[in-house]
Structure formats: structure tokens, C-alpha cells
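A look at the structure
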Protein chains: 2
Amino acid sequence: MNPVIEAILERRSVRKFTDVLVSGEDLSAILEAGRWAPSGLNNQPWRFAVIRDAHARGELSRLTHYGRILRSCALCVAVYYHVPSGYNRDKDILGIGACIQNMLLAAHSLGFGAVWLGEILNKKSAVNGILGLDDAYELMAVIALGRPDERPESERRPMDELVVKSM
Amino acid sequence: MNPVIEAILERRSVRKFTDVLVSGEDLSAILEAGRWAPSGLNNQPWRFAVIRDAHARGELSRLTHYGRILRSCALCVAVYYHVPSGYNRDKDILGIGACIQNMLLAAHSLGFGAVWLGEILNKKSAVNGILGLDDAYELMAVIALGRPDERPESERRPMDELVVKSM
């Protein structure tokens, strides 16, 4: 199996982290992976807010049931939809999903663990308030990142449930 | 640079293909990569329709300005949102974007070229008619796949435009 497919199949959501930090160089490589995602019309509607600051992560942690993860990770990246850069909501959001996946795979390939947090979207405007971002920025996900302190198992639907037509 | 990040940075949309076909084994590896994408609540709302048949690709090609690509590729994969498996439209679509990106990266890693086609979504219901799929399946993208016959250039916004906050 080639290393790209291996990374895709072995990546898991990691919710427990060691105390080891993420270097600026590694963070840049992860964001760079997100930057090179494809998007409709190449409009690149994704934007990133990087939160290392423990106080800010503490404030964010009060907005989600998964606050422990935001407090214990090395840093988190809030991934935003920059609405004025968009042209079609569905297609823009698909591209942002591709961008997030690039970052998760890059993180995994560098030995980090990460989890894609979505439940915090219930408090989108409060997150924007903490980060000082206006309504042009719509929160899509928060990625929590750090050195993994667990190796979770997961599963997926069988392939024959997914392939609904072959012709 | 590690091979995962290298694939992420080097992948480009490929719209010109040679006549070489895609083996069943390679197609399975690409779909398997899509299968292992993350999704909210692990609901995996993606479904795949594989279209090798030249007549069916010819019919689809009349529904888009990019028909030449659908006629000249080795095969295409229509990626669907299975609406009854969803729980939150935005989050489901983000997951499908991650799924598509996994397949594009897997294809690239295996030496294939691929392009993510979105304009055909203007004719969603006609595509469903050709493929014999009902309204439970909402078309999200068509991926055209084959051996690349071009090496396109592309560009992205500078990183300092993407990082809107760092704290």
C-alpha cells in the first residue's frame, strides 16, 4: 500500500493528547496542506484562526460539550467559511471539507493526532465573539491538534452499501 | 517533505487523459479511500455511482459544458449525498468534501489524474434520471478519472490572506 493511501486508511480522530507542543514549522505545513485544497472556481473560501493561547481555548471550551479536548490539545484551528469569497454554498462547503481533510491527513503524516469538532457550531456567534471575527466569517469546524495519547479504533459502512450504482 | 504532504501539494485537477483504463483493483483502492473519510457522528452520508459505460458517459456529457471530459476519461464516479443518512446539511456536506478529497489524493498517489466537476450539479435531477436514482440521492460532484495526459499549473491565495487570526 502506498503511504498516501495508508495515511488515509489509518488516520483516526484523536481526542487525547500528550503535553508536547506543535512547532511553528509543523503548524505551517498543516495549514499549507489546507491551502492547497481544490475548490469550485478555485475560489478558496476557507480561512483559518489559530488558537494556541490557553486562556482563549478555555473560553472556547465553555461553548461545547467537548471542552476537555479544547483545553488539553496543543492548539486548535478554527476553520471558517469566508462568505464574501463564496459563490455557491454547497460547493463552497464541499471545498472546505476537502481543506479540513488535507489538514487532518497532513497532521497525521507528521505524527500528530487531531479531531474535527462540529458540535461547537451550535455556538458559532459566541466563537466569533471570542476570536473577534465578524459575520463575514462563518465557523465550519474546529480542529484540535496535538501529539496523540491514544490509538482509537473506528469502523465504516461496508462498501456494498456505498456503491449504489455501477454501470 | 513526507509523501502525504507531497501528494497534497502536488495534486492538480487533470482534464486530459490517455486511453489507458483504470483497473478494478485501483478503482477499489480509490473508493476505499473515500469510505474512510471522517463525518459528523460517523454517519458517512456519501454514496458512489461508478460509470465506466461509454454510452452512459455520453448521456451525462450532454448535461454539462465539460462534456468532453466525461467522454474522454476512463471512468467517472458520481458522488452522492444520501439525504436519509444525514443529520445536518452543512456538516454532512463537509464530510462529503473530505470523502472526495480522499479519493482525489488516492487517485493521484496511484498515478491517475482526476478532476472534480461541479457545474453538472445544475442538472442534478437529469443525472439521477440517467443513473436511475431517486431523490434520496442528491448529487454533490462528479469525479472524472484516468491516466493524466497533462500536468496543469495552479495557484492559491497567499497564506497571510488565509490566517485571519492567530492568538
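All of these numbers come straight from a predicted model, not from anything done at the bench.

Reading the values: the criteria
Per-chain numbering applies: the sequence of each chain, read as written, is numbered from 1 onward. To read the labels, note that chains go from A and ligands from 1, taken in the order they are written. Local features in a predicted model are, by the rule used here, given only for residues with pLDDT of at least 70; side-chain atom pairs are given and counted only at 80 or more, and totals for whole chains, interfaces and linings are based on all residues. Based on all heavy atoms of the structure, the side-chain values leave hydrogens and waters out of the count. Secondary structure follows DSSP: runs of H or I at least 4 residues long count as helices, runs of E at least 2 residues long count as strands, and numbering of each begins at the N terminus. Atoms considered for the radius of gyration are the C-alpha atoms alone. The globule rule reads 2.2 Å times the number of residues to the power 0.38. The cut-offs for exposure are 20% and 50% of the maximum accessible area for each residue type, with area from a 1.4 Å probe on protein chains only; residues under the lower value are buried, those over the upper are exposed, and the others partly exposed. Any pair of residues with heavy atoms lying within 4.5 Å of one another is described as a contacting pair. For this count, His and the chain ends are skipped, Lys and Arg are scored as positive, and Asp and Glu as negative. Within this document, salt bridges are pairs made up of a side-chain nitrogen of Lys or Arg and a carboxyl oxygen of Asp or Glu, the two lying within 4 Å of each other. We call two N or O atoms a polar contact when they sit within 3.5 Å, provided that within protein one can donate a hydrogen and the other can accept it, with sequence-adjacent residues counted only if both atoms are side-chain atoms. The buried area of a pairing is the accessible area, by a 1.4 Å probe, that goes missing from both parts when the two are put together, added over both. Superposition of the copies used a least-squares fit over C-alpha atoms from residues whose pLDDT is at least 70 in both. Only strands joined by at least two bridges in the DSSP assignment are considered to pair. In this analysis, rings of Phe, Tyr and Trp, with Trp reduced to its six-membered ring, are considered paired at centre separations within 6.5 Å, and the interplanar angle assigns stacked below 30 degrees, edge-to-face beyond 60, and tilted for intermediate values. In this scheme, Lys NZ or Arg CZ marks a charge over a ring once it lies within 6 Å of the ring centre and within 35 degrees of the ring normal. Lines are fitted to the C-alpha atoms to define the axes, a helix being fitted only along its stretch in contact, and any angle between axes, read from their N-to-C directions, falls within 0 to 180 degrees. Known as pLDDT, the predictor's per-residue confidence is scaled from 0 to 100.

So, the overall build of chain A
Each helix and strand in chain A was counted, giving seven helices and five strands. Over its C-alpha trace chain A gives a radius of gyration of 16 Å, about what one expects of a compact globule, namely 15 Å for 167 residues. Over its C-alpha atoms, taken along the principal directions, chain A stretches across nearly 55 × 40 × 30 Å. Burial statistics for chain A: of 167 residues in total, 57% are counted as buried. Across chain A, every contact between residues at least 6 apart in sequence was considered, and the portion connecting residues at least 24 apart equals 80%.

Things to note about the side chain of Arg47(B)
For Arg47(B), the position within the fold is in strand β1 (residues 46-51). Glu161(A) provides the closest opposite charge to the buried, salt-bridge-free Arg47(B), at an N-O distance of 4.1 Å. For Arg47(B), the side chain forms a polar contact with the main-chain oxygen of Gln44(B), separated by 2.8 Å.

Details of the interface of chain A and chain B
Listed as interface residues are 73 residues of chain A and, on the opposing side, 73 residues of chain B. Of the roughly 6,100 Å² buried at the junction of chain A and chain B (both faces included), carbon and sulfur atoms supply 64%. Between chain A and chain B we count two salt bridges in total. The residue Asp90(A) makes a salt bridge to Arg89(B) at a minimum N-O spacing of 2.6 Å. Counting residues per element, the ones that place at least two in the side of chain A that touches chain B are α1 (3-10), α2 (24-35), β1 (46-51), α5 (89-109), α6 (124-131), β4 (137-146), α7 (159-162) and β5 (163-166) of chain A. Ranked by residues supplied to the side of chain A that touches chain B, first place goes to α5(A) with 16 residues.

Overview of unusual backbone geometry
All names here are of chain A. We note that Gln-44 has phi near 50°; this positive angle belongs to a residue other than glycine. Structurally, Gln-44 is set in the loop between α2 and β1. Residue classification places Gln-44 among the buried positions, given a relative accessible area of 5%.

A few points about the side chain of Glu138(A)
By secondary structure assignment, the location of Glu138(A) is in strand β4. The class for Glu138(A) is buried, based on a relative accessible area of 16%.

Let's talk about the relation of the copies chain A and chain B
Overlay of chain A on chain B (RMSD 0.0 Å): rotation 180°, translation along the axis 0.0 Å. What the rotation and shift describe, once combined, is the action of a two-fold rotation axis. A shared interface surface links the copies, since 100% of the contact residues of chain A are contact residues in chain B too.

Notes on the pairing of β1(B)
The buried fraction of β1(B) is high, at six of six residues. Burial of β1(B) is two-sided: the residues Trp46(B), Phe48(B) and Val50(B) facing one way and the residues Arg47(B), Ala49(B) and Ile51(B) facing the other way are all buried. The pairing of β5(A) with β1(B) spans three bridges and is parallel. Its bridge partner lying in β1(B), Ser166(A) is registered against Val50(B).

A few points about the packing of aromatic side chains
All names here are of chain A. By the definition in use, this model includes two aromatic pairs over all chains. Centre to centre, the rings of Tyr-80 and Tyr-137 are 6.2 Å apart; their planes meet at 90°, and the pair counts as edge-to-face. Here Tyr-80, found in strand β2 (residues 75-82), pairs with Tyr-137, found in strand β4; they are 57 residues apart in sequence, far enough to count as distant. On the accessibility criterion, Tyr-137 (17% relative accessible area) is buried. Taking the ring centre of Phe-112 as reference, the NZ or CZ of Arg-147 above it sits at 3.9 Å.

As for the sheet that holds strand β2 (residues 75-82) of chain B
Here we have five strands laid out as an open sheet, ordered β5(A)-β1(B)-β2(B)-β4(B)-β3(B), and mixed in their pairing. Every interior strand has two partners, whereas the edge strands, β5 of chain A together with β3 (113-117) of chain B, have only one. Each adjacent strand pair in this sheet contributes to an overall mean axis angle of 20°, direction not counted.

Notes on the confidence of the model for chain A
With 100% of its residues at a pLDDT of 70 or more, chain A has an overall mean of 97. What the predictor reports for the complex is a pTM of 0.98 with an ipTM of 0.98.

Observations regarding the pattern of salt bridges
Residue and element names in this part refer to chain B. On inspection of all chains with the given rule, the structure shows 10 salt bridges over all chains. Among the salt bridges present, the one from Glu-32 reaches Arg-35, with a minimum N-O distance of 2.7 Å. Of this pair, Glu-32 and Arg-35 both sit in helix α2 (residues 24-35), three residues apart, roughly one helical turn. What makes Glu-32 partly exposed here is its relative accessible area of 24%.

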